Amino acid sequence: MTYWNLQNADGTIVLRLEENDATGAMSGTLASDGTTYTVQGGWSASGSVPGRLASVFALRGSDGADAPTWIAASGVMKGPGAAPQRITLSISIASGHDGSLRRKNAELTPLGGGANRKRKIVVISDVHIGMGTPTVWFQPSVHDAYLKGICDWVIANAADVQEVVLLGDFFDQWTVPCDEQPPSIEAIIKANPQIFGPTGYLCQVLDALGGNVTFGPGNHDMWASANDMSFIVSAAGHSPKFFAGGTYCPPMPDGGQKNIALAHGHEYTMFNAVDEDSPWGGLPVGHFVTRMVASQMKRTLKPGQTVADLAGQGSPDGLDYTSIVKGAWARGDVNVVEALLDSVAAQTGTPKDQMFVLADGSSVSLAQVQSQYQGLFSRWQAKEGGGTQGTINAWKSVLADAQGYYMGFFGQRKAFEQSAEVVVFGHTHIPQSGLETTMVNYANSGFECASIPDMPPGGTQATTFIVIDGSTLEVSVMQCAQNGTQIAPINVGPVQAVPVGIDDSCYVKIINNGAEDLVLKDQTAAHGYFAAPLPATIPAGEFGLVWLQDYAGGAGSEGSVTYTPAGGGPDHVFTFTCPLLLIYSNACSGGTSFRTKSGSGVWGAPGVVAKSGHPFYVEFTVA
Amino acid sequence: MTRWNLASTDAQVVLTVDEDDSNGAMSGTLRAHGTTFQVKGAWSASGSVPGRNASAFALSGNDGLAAPTWVSASGIMVGPGAAPQSIEIQIDVATPAGALIPYQAELLPHA
């Protein structure tokens, strides 16, 4: 299987195909003047059979709209099948919307310098490697095989893997009893030579990918630093790269706008986000919860037993947070953090005078912890804008830590913040793929440290990781089974960003095909609020995303954004409306052209407004 | 399932395809200037969904030879799906010698 990625000189025609050498079958996309068509067809390679003096092919497909536009294309390709150098293309387009027939011809050359650039980005998170002591979720005797299996898969596919991203909680400094000092990242690295030694399996990955492994901290390894990566040195001298906590946008295989955003996800969760008010290096309240559970485990594990022998461990720790937070939510009790600490202390038998030894060797008491995190909920309310919406979003942040509720909402928010079409989180230990009815994609990489009773065949918790095709943005959740010997894609359910039945948002994409950057000049929200910061600039050749969310119980959403060309010229005003009441219609205006859809529908013909249904999606193009 | 059988007045282009009403799939043959191609594709019927103001389709295939000639075509059909009255078709042929040859034709029902 090889990949063809070529475009014409002005980028208005882009061909991205996967071709099967064995059968000559081809499938992928052909974009022409702002419309992307899904196509399939076949080709025959020159020289492979007498009489084949040239490599030629033919394709057909449509744009997938309700009133489809159909495309057919024939072409001549120069160069080897594994790396086409040039394609001469004849295109024919038939519109089911207006009955027009058009032709285009184009000369295509490779995108980004090469048609067979590596396309896959592998995302691994939540491995939780520690010192191998009984309370640590990653137990080498159980989990090494699975992590090695993933690494072996990456090495076997290295020809098409651009990068491996370790998306947080790769190390674990939290699953340590209260009275023990958490290890440093350096100590963890040195305690696991089978992984991090010069010929350890992670270092083998480093060498197979020429050093393209990137690490970012989560919450359990929030103090990991760039300097810690220097303790991992492969046989060929590579060390992982480091990105500071936050969001990592890998370079795209074909260059251009970075529209994949990777983050651990804990920044949206009240109990585990870095707490800037914490006097203990940003430690959130979740750290102390985990420590209390680890102490309980230490007291109750039998000799020779580890937490990997117990059901519910690693996923994360078997405590019932859901009932705690749901109970507080049902009561409208904003002292949910205090309730959490009290409940966990009771469930784990933590004495009132418990001391916690921190990573720097200092100690704090349970009373100090309880005092420090009082008012955490109120601080999140304020951070989310206060008022009713601030309260709602603060509760979402609470529930995000209980079974991962609302992580789809926050994943969508991350996508709109970054103008990314794909977002991947970890943190929840629940693999997921897809967002229902939205214009962006969200996935969760799951985890790598399920306990033995929870794994198949007795349980359902699998070791999973993510593979993103950087050219097509397709996301696959991969399961590693049978002690690391079986790796295959699995189907996991999509999640909702906002329950569709009550989402009267406007989701807007502004594609800047003009010659100049567009700069944000103004924004209005007659109804609703902008759920993610607006792009300050939409560079020429890129797109920006806008999310106008309706208020619960409000009037739907109605707003506008104004962008002005950086070099001067008339403003571009984009308006969009998704009313609550059915007697009003969705509406939009702006751009050189637009297309819309609503709810679970497909994109309509250019200039046609999907007047009913919600939420409302608009894709504006500025020529 | 309906069969479309249409040809240009000079018989240089003949389209014979079976179309499946349930999913719009099409398969059959497209003969263009002496070469018969096995083709597959799909179409969408006008009026069946709001915004569909015309029946349109796209096809592709090859002539089945060891050094194949490939063809792609798109078109607009007038008339009901069960009995097309005319088709305006654009065809692009890619030969094993590396030539790209465009054709255009109006097709009418062919006995």
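Provided above is the structure to which this section pertains.
Here's a quick rundown of the structure. (Residues numbered from 1 in each chain as written. Chains lettered and ligands numbered in written order. Predicted model: local features only at pLDDT ≥ 70, side-chain atom pairs only at ≥ 80, totals over all residues. Heavy atoms only, no water.)

Before going further, it helps to spend a moment on the overall build of chain B. Counting its regular elements, chain B contains 0 helices and 8 strands. Listing every helix and strand of chain B by position from the N terminus yields β-β-β-β-β-β-β-β. For a compact globule of 111 residues, the expected C-alpha radius of gyration is about 13 Å, and chain B comes in at 14 Å, within 12% of that figure. Considered along the principal axes of its C-alpha atoms, chain B spans approximately 45 × 25 × 25 Å. With 111 residues in all, chain B has 53% of them scored as buried. (Helix = DSSP H or I, 4+ residues; strand = E, 2+ residues; numbered from the N terminus. Rg over C-alpha atoms; globule rule 2.2 N^0.38 Å. Buried < 20%, exposed > 50% of the residue type's maximum accessible area, 1.4 Å probe, protein only.)

Counting secondary structure elements, chain A contains 12 helices and 33 strands. Relative to the 2.2 N^0.38 estimate, which gives 25 Å for 623 residues, the radius of gyration of chain A is 26 Å and therefore close to what a compact globule would have. Expressed as lengths along the three principal axes of its C-alpha atoms, the size of chain A is roughly 80 × 65 × 45 Å. In chain A, buried positions account for 57% of the 623 residues. At a minimum sequence separation of 6, the contacts of chain A that also span at least 24 residues come to 62%. Total accessible area on chain A stands at roughly 22,700 Å², and carbon and sulfur atoms take up 52% of it. (Contact = heavy atoms within 4.5 Å. Areas by Shrake-Rupley, 256 points an atom, 1.4 Å probe, with all protein chains shown as cover.)

Okay, the pairing of strand β30 (residues 572-579) of chain A next. Residue and element names in this part refer to chain A. Note: strand β29 (residues 556-565) against β30, 8 bridges, orientation antiparallel. Note on β30: the bridge partner recorded for Thr562 is Val573. Hairpin connection of β29 to β30: 6 residues between the antiparallel strands, including Gly568 at a positive phi of 100 degrees. As defined by bridge partners, β30 adjoins strand β31 (residues 587-589) across 3 bridges and the pair is classed as antiparallel. Looking at the pairing, Thr577 lines up with Ala587 of β31. (Pairing = 2+ DSSP bridges.)

For the α-helix, the turn length of 3.6 residues means that residues three or four positions removed from each other point alike. Buried residues of helix α4 (residues 201-208) of chain A: Tyr201(A), Leu202(A), Cys203(A), Val205(A) and Leu206(A), and no others. Buried-residue contacts for α4(A) involve α1 (140-156), β10 (161-167), α3 (193-196) and β11 (213-216) of chain A.

This brings us to the pattern of salt bridges. Residue and element names in this part refer to chain A. Across all of its chains, the model carries 20 salt bridges over all chains by this definition. A salt bridge links Lys120 to Asp160; the nearest nitrogen and oxygen atoms lie 2.9 Å apart. In this pair, Lys120 is assigned in strand β9 (residues 120-124) and Asp160 in the loop between α1 and β10, connecting sequence segments 40 residues apart. Residue Lys120 shares its accessibility class with Asp160, and that shared class is buried. Between Lys298 and Glu180 there is a salt bridge, and its shortest N-O distance comes to 2.9 Å. Here Lys298, found in helix α6 (residues 285-300), pairs with Glu180, found in the loop between β10 and α2 (185-191); they are 118 residues apart in sequence, far enough to count as distant. Take Lys298: its relative accessible area is 42%, and that puts it in the partly exposed class. (Salt bridge = Lys/Arg side-chain N within 4 Å of Asp/Glu carboxyl O.)

All names here are of chain B. For strand β5 (residues 55-62), the tally of buried residues reaches 8 of 8 residues, placing the bulk of the element in the interior. Side chains Ser55, Phe57, Leu59 and Gly61 project from β5 onto one buried face, and the interleaved Ala56, Ala58, Ser60 and Asn62 project onto a second face that is buried too. In the sheet, strand β4 (residues 35-44) pairs with β5 via 7 bridges, with the strands oriented antiparallel. Directly across from Ala42, in β5, lies its bridge partner Ala58.

Once that is clear, we can look at the packing of α1(A) against α4(A). Residues and elements named next belong to chain A. As a packed pair, α1 and α4 sit with axes 9 Å apart at the nearest point and diverge in direction by 10 degrees. Here α1 is positioned roughly parallel relative to α4, judged by the angle of their axes. Where α1 abuts α4, its residues Asp144, Leu147, Lys148, Cys151, Val154 and Ile155 lie against Tyr201, Leu202, Gln204, Val205 and Ala208. Taken together, the residues that form the contact of α1 with α4 break down as 8 nonpolar, 1 polar and 2 charged. (Axes fitted to C-alpha atoms, helices over the stretch in contact; angles between N-to-C directions. Parallel < 35°, antiparallel > 145°, perpendicular 65-115°, else oblique. Nonpolar A, V, L, I, M, F, W, Y, C, P; charged D, E, K, R; others polar.)

To continue, consider the packing of aromatic side chains. All names here are of chain A. Enumeration according to the criterion identifies 28 aromatic pairs over all chains in this entry. Joined through ring pairs, the aromatic side chains of Tyr268, Phe409, Phe410, Phe416, Phe425, Tyr442, Tyr507, Trp547 and Tyr617 make up one cluster. Here the basic side chain of Lys597 rests over the ring of Tyr617, its NZ or CZ set 5.2 Å away from the ring centre. (Phe/Tyr/Trp six-rings, centres within 6.5 Å; stacked < 30°, edge-to-face > 60°. Lys NZ or Arg CZ within 6 Å of the ring centre and 35° of its normal.)

Okay, the state of the cysteines next. Summed over all chains, the structure comprises 0 disulfides over all chains. With no disulfide of its own, Cys151(A) has Cys480(A) as its nearest cysteine by sulfur position, at a separation of 9.5 Å. (Disulfide = S-S within 2.5 Å.)

On to the sheet that holds strand β8 (residues 101-110) of chain A, then. One closed barrel accounts for 8 strands, arranged β1-β2-β3-β4-β5-β6-β7-β8 (chain A); its pairing is antiparallel. Across the sheet, the mean angle from the axis of one strand to that of its neighbour is 25 degrees, orientation sign disregarded.

Bringing the packing of helix α10 (residues 376-383) of chain A against helix α11 (residues 387-400) of chain A into the picture now. All names here are of chain A. Axis separation between α10 and α11 bottoms out at 8 Å; the angle between their running directions is 125 degrees. As summarised for this structure, α10 and α11 are arranged oblique, according to the angle between their axes. The crossing of α10 and α11 is right-handed. Facing Phe377, Trp380 and Gln381 of α10, the residues of α11 in contact are Gly390, Thr391, Ala394, Trp395, Ser397 and Val398. (Left-handed = near helix turned anticlockwise from the far one by under 90°.)

Right, let's talk about the interface of chain A and chain B for a bit. With 42 residues of chain A at the contact, the number on the chain B side is 42 residues. Taken over both partners, the interface formed by chain A and chain B buries close to 2,700 Å², and the fraction arising from carbon and sulfur atoms is 61%. Here chain A is connected to chain B by 1 salt bridge. Across the pair Arg103(A) and Asp92(B) runs a salt bridge, and its minimum N-O distance is 2.7 Å. Put simply, chain A and chain B have 22 residue pairs in polar contact (both at pLDDT 80 or more) between them. The element that contributes the greatest number of residues to the side of chain A that touches chain B is strand β7 (residues 86-95) of chain A, accounting for 8 residues. Looking at the side of chain A that touches chain B residue by residue, the classes come out as 21 nonpolar, 16 polar and 5 charged. (Buried area = accessible area lost by both parts, 1.4 Å probe. Polar contact = N/O pair within 3.5 Å; in protein donor to acceptor, adjacent residues only side chain to side chain.)

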